Amino acid sequence: MGSCFRCAGEASIGGLCGQHAAVLASCSDITAEQIVSQKVSQPVGWLIDQWGLARSLGTPNVVGRAPEQCSTAILHHSVSALHAQLELAGARWSVVDRGSLNGTFVNGERVRAAELSHGDQITFGSVAFFLATRDHPIEPASSQSGPGSTVPTRSSDLVFAATLSAGDGEIELTQRVAGGVVRAGGELLELARLEFSLIKILVERRQRQPDPELCFVSSEELARALDFRSRDADGENVRELVRRVRRKLKQAGVEDLIESRQGIGYRVGWPVRPS
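Residues numbered from 1 in each chain as written. Predicted model: local features only at pLDDT ≥ 70, side-chain atom pairs only at ≥ 80, totals over all residues. Heavy atoms only, no water.

Draft legend 1. A look at the pairing of strand β3 (residues 54-57). The two faces of β3 match: A54 and S56 on one face and R55 and L57 on the other face are all buried. The pairing of strand β2 (residues 45-48) with β3 spans 4 bridges and is antiparallel. By the bridge assignment, G45 is partnered in β3 with L57. The antiparallel hairpin formed by β2 and β3 contains 5 residues in its connecting segment, where G52 sits at a positive phi of about 75 degrees. (Buried < 20%, exposed > 50% of the residue type's maximum accessible area, 1.4 Å probe, protein only. Helix = DSSP H or I, 4+ residues; strand = E, 2+ residues; numbered from the N terminus. Pairing = 2+ DSSP bridges.)

Encoded structure:
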């Protein structure tokens, strides 16, 4: 077992000890999957999240809720689309708030701009991190073992395949231990565990219920069924997950697989071919 990057004590949650993981865990309705960082070949620093996972930083590094525009995307309602920017000039780190609604905080104090040091706590909206700088090398955690990971708990959860078709289009779904694969035309799309689990639940409802009008699954039911591992997972977690899956499906040319109806829930809009 390694050492906590913050205090050099025994790490019990990723790269953090229990005490320092608890310091960051003030936001109870976010999961690890809602933090998405672009790959950086030569990181100049890291943001350490509440699961002890190291999120690589380049510079400048834009933080916000819009994945297409941000180097570090935090898919949480308290975070603005373009929330803040982390910058490194020489050996000096700084953070600049970009007019966010809920603010940027350094060690608990709201700032518009501030210099940063190794170990500082930075909070974007309600989501907190520790900053690790490159002059204090760390070993990034490679797996998500704390709250927010989505590990199937039954062997039956590991085997699932389905084919959906609409018009001339066809989609094949195949589950893997670490997620799943969507094949649409000539495109092959990898989905993480939680993303694939969402589609699986909706497909299984469609398989069981022949009437499409009765195939909707409410946000509340999805929040209970999906393994968010968050104390207060709710409809907002589900909406962020649906947005993420829809963006990925769009990359494969599929824009209408997941349908929504306000006040009712979500369903797959494509019929499921009998196995």
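After that view, the rundown keeps rolling.
Draft legend 2. Examining the sheet that holds strand β6 (residues 84-89) more closely. Judged by pairing direction, the sheet is mixed, and its 6 strands sit side by side in the order β1-β5-β4-β6-β7-β10 without closing on themselves. Two strands bound the open sheet, and with one partner strand each, they are β1 (35-37) and β10 (113-116). Across the sheet, the mean angle from the axis of one strand to that of its neighbour is 15 degrees, orientation sign disregarded. As paired strands, strand β4 (residues 61-64) and strand β5 (residues 72-74) are joined by 2 bridges and run parallel to one another. Paired with G64 across the strands is A73, a residue of β5. (Axes fitted to C-alpha atoms, helices over the stretch in contact; angles between N-to-C directions.)

Draft legend 3. Structural detail: the packing of aromatic side chains. Applying the stated criterion across every chain yields a total of 3 aromatic pairs. For the pair F5 and F130, a centre-to-centre distance of 6.1 Å together with 55 degrees between the ring planes defines the contact as tilted. Taken together, the residues F5 in the segment before α1 (18-24) and F130 in strand β12 (residues 127-133) connect sequence positions 125 residues apart. Among the residues examined, F5 registers a relative accessible area of 17% and is labelled buried. Directly above the ring of F130 sits R6, whose terminal nitrogen or CZ lies 5.4 Å from the centroid. (Phe/Tyr/Trp six-rings, centres within 6.5 Å; stacked < 30°, edge-to-face > 60°. Lys NZ or Arg CZ within 6 Å of the ring centre and 35° of its normal.)

Draft legend 4. Examining the sheet that holds β12 more closely. Spatially, the 6 strands line up as an open sheet ordered β3-β2-β12-β11-β8-β9, and their pairing is antiparallel. Both outer strands of the open sheet, β3 and β9 (109-111), are each paired with one neighbouring strand and no more. The mean angle between the axes of side-by-side strands here comes to 35 degrees, regardless of whether they run parallel or antiparallel. Bridge count between strand β11 (residues 121-124) and β12: 4 bridges; the pairing is antiparallel. Bridged to F124 within β12 is V127.

Draft legend 5. Region of the structure containing the confidence of the model for the protein chain. Taken as a whole, the protein chain shows an average pLDDT of 85; of its residues, 88% reach a score of 70 or greater. Here residues 141-158 scores under 50 on pLDDT; set against residues more than four positions off or in separate chains, the count is 39 contacts. (pLDDT = per-residue confidence, 0-100. Contact = heavy atoms within 4.5 Å.)

Draft legend 6. Seen up close, the side chain of Q85. Among the secondary structure elements, Q85 is positioned in strand β6. The exposure class of Q85 is buried, given its relative accessible area of 16%. Looking at Q85, its side chain comes within polar contact range of the side chain of E87, at 2.9 Å. (Polar contact = N/O pair within 3.5 Å; in protein donor to acceptor, adjacent residues only side chain to side chain.)

Draft legend 7. The arrangement of the pattern of salt bridges in detail. This model, assessed by the stated rule, comprises 13 salt bridges. R247 is the partner of E68 in a salt bridge, and the nearest nitrogen-oxygen pair spans 3.9 Å. Taken together, the positions of E68 in the loop between β4 and β5 and R247 in helix α4 (residues 235-251) put the pair 179 residues apart, joining distant regions of the chain. Among the residues examined, E68 registers a relative accessible area of 59% and is labelled exposed. Between R239 and E236 there is a salt bridge, and its shortest N-O distance comes to 2.9 Å. Remark: E236 and R239 occur in helix α4; sequence separation between them is 3 residues, near one turn of the helix. According to the relative accessible area criterion, R239 is partly exposed, its value standing at 34%. For E236, a relative accessible area of 17% puts it in the buried group. (Salt bridge = Lys/Arg side-chain N within 4 Å of Asp/Glu carboxyl O.)

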